[in-house]
Amino acid sequence: MAATTDTEHEEHTGAAASRPSAARRRPGPIAMAVSVFGELLITAGLVLGLFVAYSLWWTNVVADRAAGKQADKVRDDWAHGRGGPGALDTKNGIGFLHVPAMKNGEVLVEKGTSNKILNDGVAGYYTDPVKAVLPMSGKTGNFSLAAHRDGHGAKFHNIDKIKKGDPIVFETKDKWYVYKVYDILPETSRFNVKVLSQVPKESGRKKPGHYITLTTCTPVYTSTYRYIVWGELERVEKVNADRTPPKELRS
Amino acid sequence: MGLVPWYDGRDGMYGWIWRHLPGNTWVKALISLALVVAVVYVLFQYVFPWAEPLLPFNDVTVDNQ
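Basis of the calculations
- Here the residue numbering is sequential within each chain, running from 1 through the sequence in written order.
- Each chain gets a letter, beginning with A, and each ligand a number, beginning with 1, in the order they are written.
- Given that the model is predicted, a residue must reach a pLDDT of at least 70 before its local features are reported, and side-chain atom pairs must reach 80 or more before they are shown or counted; all residues, however, enter totals for whole chains, interfaces and linings.
- The numbering of helices and of strands both runs from the N terminus, where a helix is a DSSP run of H or I of at least 4 residues and a strand a run of E of at least 2.
- Burial in this document is a count-based property: other C-beta atoms within 10 Å of a residue's C-beta are tallied, and the residue is buried at 20 or more, exposed at 12 or fewer, or partly exposed in between, with C-beta positions derived from the backbone.
- UniProt positions are given in the numbering used here, feature names are shortened, and annotations may be inferred rather than shown by experiment.
- In this scheme, the bend at a residue equals the angle between the axes fitted to the seven residues that finish there and the seven that begin there.
- Two strands pair under a simple rule: DSSP has to find at least two bridges between them.
- Fitting a line to C-alpha atoms yields each axis, with helices limited to the stretch in contact; the angle taken between N-to-C directions then spans 0 to 180 degrees.
- Contact criterion: two residues are in contact if their C-beta atoms, reconstructed from the backbone, are within 7 Å.
- Under the scheme applied, nonpolar residues are Ala, Val, Leu, Ile, Met, Phe, Trp, Tyr, Cys and Pro; charged residues are Asp, Glu, Lys and Arg; polar residues are all the others, including Gly.
- Crossing handedness is read from the near helix: turned anticlockwise from the far helix by less than a right angle, it gives a left-handed crossing, and turned clockwise, a right-handed one.
- For this entry, the nonpolar core is defined as buried Ala, Val, Leu, Ile, Met, Phe, Trp, Tyr and Cys residues connected by C-beta atoms within 7 Å.

- Under the annotation held in an unreviewed UniProt entry, chain A carries the name Class E sortase and is attributed to Streptomyces afghaniensis 772.

Put into structure tokens, the structure is as follows:
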């Protein structure tokens, strides 16, 4: 500020006033070090605060924008007869996941579970370490998915709101796949890849079937454990001309 | 004067920056604001996206690693 000239002026006005101001201008090396350290701490605090804002708010803004754009493209392709289960064009997303219990509308599903994919605010189906079996293949197996719990769209944030018996609906170009949740594992090790097995034995199922598995991290804001939800295919509905959703999504 | 070049023994690095900005108080305030915006932009656009995968907050998949 304009303090430089002010203090200089003070020095000339009287000896009594100049004493404290002179002392303030030449603090000892320890005082200086403490002052610099303090400013660095304040700076670090601000940067960390900004990082929290970035993680929990800004990444959602960016991801929702990206997801919206990609979802529009898939809907557009479907409307114009491009893509779909026959061609298995998996580049832009294969369909939409609807979980009414999570109250987050539709989630685009794309191939892969790398950060690059999931950071766009979509759910990804596993290609590694266990390859997911896609529902439109018609084969028995496990349709395993992952999405972010916080930040980057936080598409599975409310996964803990899902209860046994809740519907999970997967929408493709011409079919609605209606799953029903039959088991939940609220906490498991992040190395527990067995939850992705084609027959997920930990859920109590022993025979091959059409399963769906949702995975995300838990508790919220951390990545210590994984939260798992298992569902089983109940029925498949054909999409009509108006794309009327199945009754599970209408209530 | 001080132990470090940006410290003259009175009001730290932010004070040093403030005193080296040109113009009167309003101009200085405006430039400061622009600097803050620039720093936030660099952090959000480059630093945080780089740092995020290195921090253990956002892994959601089960894997073998």
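## A few points about the overall build of chain B
In step 1: Along chain B, the regular secondary structure elements total 2 helices and 0 strands.
In step 2: The buried share among the 65 residues of chain B stands at 9%.

## A closer look at the UniProt feature "active site" (unreviewed entry) in chain A
All names here are of chain A.
In step 1: In the numbering used here, UniProt assigns the "active site" (unreviewed entry) feature to His148 and Cys217. Judged by maximum C-alpha separation, these annotated positions cover 70 residues in sequence but sit close together in space, the widest gap being only 7.4 Å.
In step 2: Inspection of the secondary structure puts His148 in the loop between β4 (141-146) and β5 (167-171).
In step 3: With 26 C-beta atoms counted inside 10 Å, the residue His148 sits in the buried group.

## A closer look at helix α2 (residues 25-51) of chain B
In step 1: For α2(B), the principal kink sits at Leu43(B) and spans about 40 degrees.
In step 2: Little of α2(B) is tucked away, with 0 of its 27 residues classed as buried.

## Some words on the sheet that holds strand β7 (residues 210-218) of chain A
Residue and element names in this part refer to chain A.
In step 1: In space, the 8 strands of this closed barrel follow the order β1-β2-β3-β4-β7-β8-β6-β5, with mixed pairing throughout. Direction aside, neighbouring strands of the sheet carry axes that sit 30 degrees apart on average.
In step 2: Here β5 runs beside strand β6 (residues 175-188); their pairing, made up of 5 bridges, is antiparallel. In the strand pairing of β6, Val169 is matched with Val178.

## Some words on the interface of chain B and chain A
In step 1: Each partner contributes residues to the interface: chain B has 24 residues there, and chain A has 39 residues.
In step 2: Its residues assigned to classes, the side of chain B that touches chain A shows 15 nonpolar, 6 polar and 3 charged.

## Focus: the UniProt feature "transmembrane region" (unreviewed entry) in chain A
In step 1: Taking the numbering used here, the UniProt-annotated feature "transmembrane region" (unreviewed entry) corresponds to residues 30-57 of chain A.
In step 2: What you have in residues 30-57 of chain A is 100% helix and 0% strand, and the ends, taken at the C-alpha atoms, are 40 Å apart.

## Quick notes on the pairing of strand β8 (residues 225-238) of chain A
All names here are of chain A.
In step 1: Looking at chain direction, β6 and β8 are connected through 11 bridges and run antiparallel. Its bridge partner lying in β8, Asp183 is registered against Trp230.
In step 2: By the bridge criterion, 8 bridges tie β7 to β8 in an arrangement that is antiparallel. Each residue of the ladder has a partner; that of Thr216, found in β8, is Tyr227.
In step 3: Turn length for the β7-β8 hairpin, with the two strands adjacent in sequence and antiparallel, is 6 residues, and the turn residue Tyr221 shows positive phi of about 70 degrees.

## Some thoughts on the pairing of β5(A)
Residue and element names in this part refer to chain A.
In step 1: Among the 5 residues of β5, 5 are classified as buried, and the element is accordingly described as predominantly covered.
In step 2: Side chains Pro167, Val169 and Glu171 of β5 all project onto a buried face; the interleaved residues Ile168 and Phe170 project onto the opposite face, where all are buried too.
In step 3: The pairing of strand β1 (residues 95-98) with β5 spans 3 bridges and is classified as antiparallel. By the bridge assignment, His98 is partnered in β5 with Val169.

## Remarks on the environment of Tyr221(A)
In step 1: Residue position: Tyr221(A) is located in the loop between β7 and β8.
In step 2: Residue Tyr221(A) is classed as partly exposed on the basis of its C-beta count, with 14 C-beta atoms lying within 10 Å.
In step 3: Once the C-alpha coordinates of Tyr221(A) and Tyr182(A) are considered, the two residues, 39 residues apart in sequence, prove to be 26 Å apart.
In step 4: What Tyr221(A) contacts, discounting residues up to four positions off in sequence, is Asp150(A) and Phe57(B).

## A word on the UniProt feature "transmembrane region" (unreviewed entry) in chain B
In step 1: As recorded in UniProt, the sites labelled "transmembrane region" (unreviewed entry) are residues 29-48 of chain B.
In step 2: The straight-line gap between the two end C-alpha atoms of residues 29-48 of chain B is 26 Å; of that span, 100% is helix and 0% is strand.

## Things to note about the packing of helix α3 (residues 29-79) of chain A against α2(B)
In step 1: At a closest axis distance of 11 Å, the pairing of α3(A) and α2(B) adopts a crossing angle of 65 degrees. Considering the relative orientation of α3(A) and α2(B), their crossing is right-handed. Contact with α3(A), carried on its side by Val47(A), Leu50(A), Phe51(A), Tyr54(A) and Trp58(A), involves Val40(B), Leu43(B), Phe44(B) and Phe48(B) of α2(B) and no other residues of that element.

## Some thoughts on the nonpolar core
Residue and element names in this part refer to chain A.
In step 1: Leu97, Val109, Ala123, Phe143, Leu145 and Ala147 are the most contacted members of the largest nonpolar core, which totals 47 residues.
In step 2: Elements supplying a minimum of two residues to this core: α3, β2 (106-111), β3 (123-125), β4, β5, β6, β7 and β8.
In step 3: For this core, the element with the most residues is β6, which contributes 5 residues.
In step 4: Once you skip the residues sitting within four places of it in the chain, Ala123 turns out to touch Leu97, Val107, Val109, Leu145, Ala146, Ala147 and Lys155.

## What to know about unusual backbone geometry
Residues and elements named next belong to chain A.
In step 1: For the peptide bond that leads from Asp128 to Pro129, omega is 0 degrees, which places it in the cis range.
In step 2: Structurally, Pro129 can be placed in the loop between β3 and β4.
In step 3: Despite not being glycine, Lys103 shows a phi value in the positive range, around 50 degrees.
In step 4: Tracing the chain through its elements places Lys103 in the loop between β1 and β2.

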